[in-house]
Amino acid sequence: MEKNIESHLKETRVFKPARAFAKNARVGSLEDYRRMYRESIRQPEKFWAREARELRWQKPWKKVLEWKAPFAKWFVGGKLNVAENCLDRHLQGPRRNKAAIIWEGEPGDKRILTYQQLHREVCRFANVLKRNKIRKGDRVIIYLPAIPEAAIAMLACARIGAVHSVVFGGFSADSIRDRIADCGATAVITADGGFRRGAVVPLKHNVDEALQGGTTIRRVIVFRRAGNEIHIEEGRDVWWHRELEYVDAHCPAVPLDSEHPLYILYTSGSTGKPKGILHTTGGYLVGIYSSTKYVFDLREDDIYWCTADIGWVTGHSYVVYGPLAAGATTVMYEGAPNWPEPDRFWRIIEEYAVSILYTAPTAIRAFIRWGDQWLKKHDLSSLRLLGTVGEPINPEAWMWYHEKIGGGRCPIVDTWWQTETGAIMITPLPGAIPTKPGSATLPFFGVDPVIVDQRGREVGPNVGGKLIVRRPWPAMLRNIYGDKGRYQKQYWSEFKGNYLTGDGARRDRDGYFWIVGRIDDVLNVAGHRLGTSEIESALVSHPKVAEAAAVGRPDELKGQGVVVFVTLKSGVNPTPSLKKELRGHVGTHIGAIAKPDEVRFAEALPKTRSGKIMRRLLKEIAAGRTVTGDTTTLEDFSVLAKLGSAEE
Ligand code: WT7
């Protein structure tokens, strides 16, 4: 039998919610959290019905949940509209004139849209969609920069019941073509270009290339953003601003069945063809509304900034739909964090008095690498809450975030979830749950995660295993678009009726979850199964290291040897003696078994466009092979070329 994943990282720091924060929080104590959690598990239908009643339903549901594993229906028989809940619902009271979106473009241009203005723009654009024969159920590709029009386009689709599929603006023509083919989209909404690090990304040009040779696309709507020259295909392409001249701002929200598809979002996973993750209307909205409210402990005057691109699920759930459903002010920024200088984020926080910042560990490690001088010039005192998502956060990066960005006063919510889960699943509630650097802590309401061994038996404290979820939750995926077989096999067959996350994890004696990485990445060294994140965190705790990735390579004696790729902080010299020092450092922090066989210095690590390290590529390099397989999600190709000749 295969052995369980071992876990060696010892983190003992605990941060209790500050009394002042807890006093005003929605959930203000661990006891309150436990009581609500217990209720959400014992009587999920009662719990979720109460949350759902805070939203607007055009027709009430008959049944909260119908579960025929692995197919769930939430709020069966109910009718509602997501755009109506994100917009119209806020127009009766003072929120009407509150900023819904505060936006900043990379070149420095600025726009603020109040709820009333956003509502108007969404209605007008929804009429443009209708005018262009886009109907309920049609699939629409959105390929836009992070500009307000991205949110407007998403909400306009939702308003008429069209199903959007946002393709990240950094993806190529091939990715667009594949996605169009998979979902049979009939329209594309794009822009002439977008700005990234001062250059123009030729979005419309990429669309033209994707559509060459014929596809199901009949209409392309083009927003003018960058002013670059583009080709307009007569009969197929229309300008957004011209179309607006033909429509008014009256557009009733279509009542949609609770299980009506809201969007498809493609996620590549580690291998194979991208999966079109399907999310629907009622359950998804309730899930993200409720999690936004509790996890970020939103209050009326918060300025909330989630730095994710709208091309990722984080952008869907926690830039657009969650905050708007909750009536918050959401900040959107178009460009790179180091443009024109590495202090862009801190400038934005100071200028708009951002109070909640939600970003990714990869960004935090980049800030650490760029040096503290960039934040010293800025007043970050408006911040009251910080969040992370996307990967395990290395405890040292957590501490830096806590001290340098949060000034030691802001709770950090390390939120674990996935494209498939739609909403946050494991997370601290900032006023209630004490945090430990590197742990996503405890399950969110209604979520029933457990760690099991190969045979599906729950493992004891501090034993590593596979993370699964034992029951359905409202924002869960409903299908892989058009492929029920793959959906069943991929997520629900290994432990029948349980959702397989694909992540390895352990729970400590307090029941806290520690994600140790993707199961596919687990190393097997001389019979010991080691998660990648612990070795990486040990390296990042060394004062000279900015970022690290651990992978296995075939080893005759041990089965696998450990190879680590390390990027150093600015100004540190990559010397042979430092390699030795780093091996020793891992040895002291984790144990001799995890000591890397080889340390390689790298200028940068290959990452996906959403900032995840692509260990699969590093594995091939570590084994001395040339990189094969899909590299289309790679952010910067030059990184690979440099790694090939890795030695300093
Ligand atoms: C995978 C999902 C969820 C939105 C962004 C990523 C990893 C995500 C955490 C966290 C440890 C995390 C997991 C997960 N992950 N958040 N807080 N701690 N790991 O969505 O691209 O679908 O990736 O990201 O491995 O399975 P995604």
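Reading the values: the criteria
- Residues numbered from 1 in each chain as written.
- Predicted model: local features only at pLDDT ≥ 70, side-chain atom pairs only at ≥ 80, totals over all residues.
- Heavy atoms only, no water.
- Core = buried A, V, L, I, M, F, W, Y, C linked by side-chain atoms within 4.5 Å.
- Buried < 20%, exposed > 50% of the residue type's maximum accessible area, 1.4 Å probe, protein only.
- Helix = DSSP H or I, 4+ residues; strand = E, 2+ residues; numbered from the N terminus.
- Domains from an automatic or database assignment.
- Contact = heavy atoms within 4.5 Å.
- Pairing = 2+ DSSP bridges.
- Axes fitted to C-alpha atoms, helices over the stretch in contact; angles between N-to-C directions.
- Buried area = accessible area lost by both parts, 1.4 Å probe.
- Salt bridge = Lys/Arg side-chain N within 4 Å of Asp/Glu carboxyl O.
- Polar contact = N/O pair within 3.5 Å; in protein donor to acceptor, adjacent residues only side chain to side chain.
- Nonpolar A, V, L, I, M, F, W, Y, C, P; charged D, E, K, R; others polar.
- Near = heavy atom within 4 Å.
- Areas by Shrake-Rupley, 256 points an atom, 1.4 Å probe, with all protein chains shown as cover.

### What to know about the nonpolar core
(1) Moving on: Counting residues in hydrophobic clusters, the biggest one holds 152 residues, and the most contacted among them are Phe296 and Tyr321.
(2) Moving on: Considering each element in turn, this core owes the most residues, 10 residues, to helix H6 (residues 148-160).
(3) Moving on: Here this core gathers at least three residues from each of two domains, domain 1 (5-81 + 262-514) and domain 2 (84-254).
(4) Moving on: Those residues in contact with tyrosine 321 that lie beyond four places of it in its chain are Val82, Cys86, Met154, Leu155, Ala158, His164, Leu262, Tyr263, Tyr284, Ile288 and His316.
(5) Moving on: Counting residues in each nonpolar core, the second largest holds 31 residues, with Ile102, Val331, Val354 and Leu357 among its members.

### Let's talk about the sheet that holds strand E5 (residues 99-104)
(1) Moving on: Spatially, the 7 strands line up as an open sheet ordered E6-E5-E18-E17-E19-E20-E21, and their pairing is mixed. Each end of this open sheet is capped by a strand with a single partner; those strands are strand E6 (110-114) and strand E21 (412-414). The average angle at which neighbouring strand axes cross in this sheet is 15°, direction not considered.
(2) Moving on: As paired strands, strand E17 (residues 303-306) and strand E19 (residues 356-359) are joined by 3 bridges and run parallel to one another. Within E19, the position partnered with tyrosine 304 by the bridge is isoleucine 356.
(3) Moving on: Contacting E19, strand E20 (385-388) and E21, helix H15 (residues 395-405) crosses the sheet at an angle of about 155° to E20.

### Some thoughts on H15
Residues three or four positions apart in an α-helix share a direction because the helix packs 3.6 residues into each turn.
(1) Moving on: Within H15, 8 of the 11 residues are buried, leaving the element largely enclosed by the surrounding structure.
(2) Moving on: Among all positions in H15, only Pro395, Ala397, Trp398, Met399, Trp400, Tyr401, His402 and Ile405 are buried.
(3) Moving on: Downstream of H15 by one or two residues, glycine 407 has phi in the positive range, about 55°.

### Structural notes on the domain arrangement of the protein chain
(1) Moving on: One can read the domain layout of the protein chain as domain 1 (5-81 + 262-514), domain 2 (84-254) and domain 3 (522-645).
(2) Moving on: Contact residues are listed per partner, giving 22 residues for domain 1 and 30 residues for domain 3.
(3) Moving on: Of the roughly 2100 Å² buried between domain 1 and domain 3 on both sides combined, carbon and sulfur atoms contribute 51%.
(4) Moving on: One can count 2 salt bridges joining domain 1 with domain 3.
(5) Moving on: Between glutamate 534 and arginine 506 there is a salt bridge, with the nearest N and O atoms lying 3.8 Å from each other.
(6) Moving on: The interface formed by domain 1 and domain 3 contains 9 residue pairs in polar contact (both at pLDDT 80 or more).
(7) Moving on: Residue assignment for the side of domain 1 that touches domain 3 shows that the elements contributing at least two residues are strand E1 (5-6), helix H13 (361-370) and H15.
(8) Moving on: Tallying contributions element by element places H13 first for the side of domain 1 that touches domain 3, with 5 residues.
(9) Moving on: Considered class by class, the residues forming the side of domain 1 that touches domain 3 number 7 nonpolar, 9 polar and 6 charged.

### Focus: the pairing of strand E9 (residues 187-191)
(1) Moving on: By the criterion of burial, E9 is predominantly enclosed, with 5 of the 5 residues buried.
(2) Moving on: A two-sided burial pattern is seen for E9, the buried positions comprising Ala187, Ile189 and Ala191 on one face and Val188 and Thr190 on the other.
(3) Moving on: Direction of pairing for strand E7 (residues 139-143) relative to E9: parallel, over a ladder of 4 bridges. By the bridge assignment, tyrosine 143 is partnered in E9 with threonine 190.
(4) Moving on: In this structure, E9 lies alongside strand E12 (residues 219-223), joined through 5 bridges in parallel fashion. Bridge pairing links alanine 187 to arginine 219 in E12.

### A look at the site of the ligand
(1) Moving on: Close contacts around the ligand come from 16 residues, with Asp414, Thr415, Gln418, Thr419 and Arg518 the closest.
(2) Moving on: In this structure, glutamate 391 approaches the ligand through a main-chain N or O atom, which is 3.3 Å from a nitrogen atom.
(3) Moving on: Between proline 392 and the ligand, the recorded distance is 3.3 Å, taken from a backbone N or O atom to a nitrogen atom.
(4) Moving on: Contact with the protein chains hides 89% of the accessible area of the ligand, taken as 560 Å² for the molecule alone.
(5) Moving on: Counting only elements with at least two residues in the shell around the ligand, the list comes to helix H11 (313-325) and strand E26 (513-518).
(6) Moving on: Of the residues in the shell around the ligand, the class split is 6 nonpolar, 5 polar and 5 charged.

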